[in-house]
Amino acid sequence: MIDALRRHPVVTAARGQPPSTFTEVSATLAPHRWGYDTADATLRVTWQPLDQPEFAFHYSEDSFDCGWHREPNPHVDGDAHYQERVGTDEYRYEPIRFDGETAPELTWEVMERLRKRLDGR
Amino acid sequence: MDESDWEATWQEHASAFDRVRSVVLAVPEPQPAEWIADHARVAESTARDHLDRLADMGVVTSHATDGGTAYGPDPAYVRFREIRELTTEYDSDALSEFVVDLKESIAELREAYDADTPADLRAAAAEPGVDAEEARAMARAAGDWEHYAYRLSLLEDAITRYDEYTASNVPA
């Protein structure tokens, strides 16, 4: 999904991290291109290529973070969920359903979900 | 969510060719053109044209299956793309440090699970008496191990041929 991220208009850079093991992709975002002002916005993506891939797209900025994940968790029924918190508050969770199936579809889907979430802040 | 929103954004910023390429490079198993067309949001005939072109370019490999032709990433292309990213982004000293990190990560897994290879670890996960949660953790660790071994092989190649891969001239 690093290619899909690099093609997205709000992503300014995307790299495998750490550079040795490359267990996640770390992207720097420019949400001001969506008309949302914040500094130091990043997106971290992990992807486990299991039969049913498990993944997490997690956005962070100063005092707010949120993510769209599909992985076993004790918070909602099923694996797919959205989570967010303000500052160091407890996370709030809700079950969701993804439309996309492949990594590029999910990347564009999550980025659109992020745009809408930031638009509502 | 409204599917059309993200699909429209994707179609606006990535051409049909780019969408077909990104989908076929992301499939874990080869898939028929129809499936790829569906996921890339293009017509099947468009997907076939682009897949043939990608196969000519060595990006995609076609596989004859009972259900017809299936397409997946060309492993040599994927491998070289990763190597090129490493040699473009890092110097050979940095690459050598990554080798040390990776070998340590592999040694930690070998010790933690008392297994010699990822295949041994997968076999151990399938043993009777291993509960579901533990089996899942072991399968995940085996996946990590395979991933580290793959990254290590890329790094070794990148370091061995660093000068050739970063040369400004290539032999005719």
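Conventions adopted
- Residues numbered from 1 in each chain as written.
- Chains lettered and ligands numbered in written order.
- Predicted model: local features only at pLDDT ≥ 70, side-chain atom pairs only at ≥ 80, totals over all residues.
- Heavy atoms only, no water.
- Contact = heavy atoms within 4.5 Å.
- Buried area = accessible area lost by both parts, 1.4 Å probe.
- Salt bridge = Lys/Arg side-chain N within 4 Å of Asp/Glu carboxyl O.
- Polar contact = N/O pair within 3.5 Å; in protein donor to acceptor, adjacent residues only side chain to side chain.
- Helix = DSSP H or I, 4+ residues; strand = E, 2+ residues; numbered from the N terminus.
- Nonpolar A, V, L, I, M, F, W, Y, C, P; charged D, E, K, R; others polar.
- Core = buried A, V, L, I, M, F, W, Y, C linked by side-chain atoms within 4.5 Å.
- Buried < 20%, exposed > 50% of the residue type's maximum accessible area, 1.4 Å probe, protein only.
- pLDDT = per-residue confidence, 0-100.
- Pairing = 2+ DSSP bridges.
- Arc of directions from axis to C-beta.

(A) Structural context of the interface of chain A and chain B. At the junction of the two partners, chain A supplies 25 residues and chain B supplies 31 residues. Taken over both partners, the interface formed by chain A and chain B buries close to 2,800 Å², and the fraction arising from carbon and sulfur atoms is 53%. Here chain A is connected to chain B by 8 salt bridges. Across the pair Arg41(B) and Glu105(A) runs a salt bridge, and its minimum N-O distance is 2.4 Å. Where chain A packs against chain B, one counts 13 residue pairs in polar contact (both at pLDDT 80 or more). Elements with a minimum of two residues in the side of chain A that touches chain B: helix H1 (2–7) and helix H2 (103–119) of chain A. Among the elements that line the side of chain A that touches chain B, the one with the most residues is H2(A), at 8 residues. Residues belonging to the side of chain A that touches chain B are distributed by class as follows: 7 nonpolar, 6 polar and 12 charged.

(B) How the structure looks around the nonpolar core. Ranked by size, the top nonpolar core spans 28 residues in total, and within it Leu5(A), Leu29(A), Leu43(A) and Tyr59(A) carry the most contacts. Secondary structure elements with two or more residues in this core: H1, strand E1 (11–17), strand E2 (24–29), strand E3 (41–48), strand E4 (54–61), strand E5 (64–70), strand E6 (80–86) and H2 of chain A. The dominant element in this core, judged by the number of residues it contributes, is H2(A), at 5 residues. Residue contacts for Tyr59(A): discarding those within four places in its chain leaves Leu29(A), Pro31(A), Tyr36(A), Thr38(A), Ala41(A), Thr42(A), Leu43(A), Phe64(A), Asp65(A), Cys66(A), Leu114(A) and Leu118(A). Leu95(B), Val99(B), Leu102(B) and Leu154(B) belong to the second largest nonpolar core, which has 24 residues in total.

(C) Highlighting the confidence of the model for chain B. On average, residues of chain B score 94 in pLDDT, and 98% of them are at 70 or above. For this predicted complex, the interface confidence comes out at an ipTM of 0.93, alongside a pTM of 0.92.

(D) Representation of the pairing of E3(A). Residue and element names in this part refer to chain A. One ladder, built from 5 bridges, connects E2 with E3; its direction is antiparallel. From the neighbouring strand, Leu-29 faces E3, where its bridge partner is Ala-41. The sheet contact formed by E3 and E4 spans 7 bridges and is antiparallel. Looking at E4, one finds that Val-45 is bridged to Phe-57. Where E3 folds back on E4, the antiparallel hairpin that results is connected by 5 residues.

(E) Region of interest: helix H7 (residues 118–125) of chain B. Residue and element names in this part refer to chain B. Along H7, the residues classified as buried are Pro-118, Leu-121 and Ala-125. Projected down its long axis, H7 carries its buried residues within an arc of 60°, all on one side. Next to the buried residues of H7 lie helix H6 (92–113) and helix H8 (132–160).

(F) Quick look at the pattern of salt bridges. Following the criterion strictly, the structure yields 24 salt bridges over all chains and no others. Arg81(B) is paired through a salt bridge with Asp3(A); the nearest N and O atoms lie 2.5 Å apart. Of this pair, Arg81(B) sits in helix H5 (residues 75–89) while Asp3(A) sits in helix H1, placing the two residues on different chains. Judged by relative accessible area, which is 34%, Asp3(A) ranks as partly exposed.

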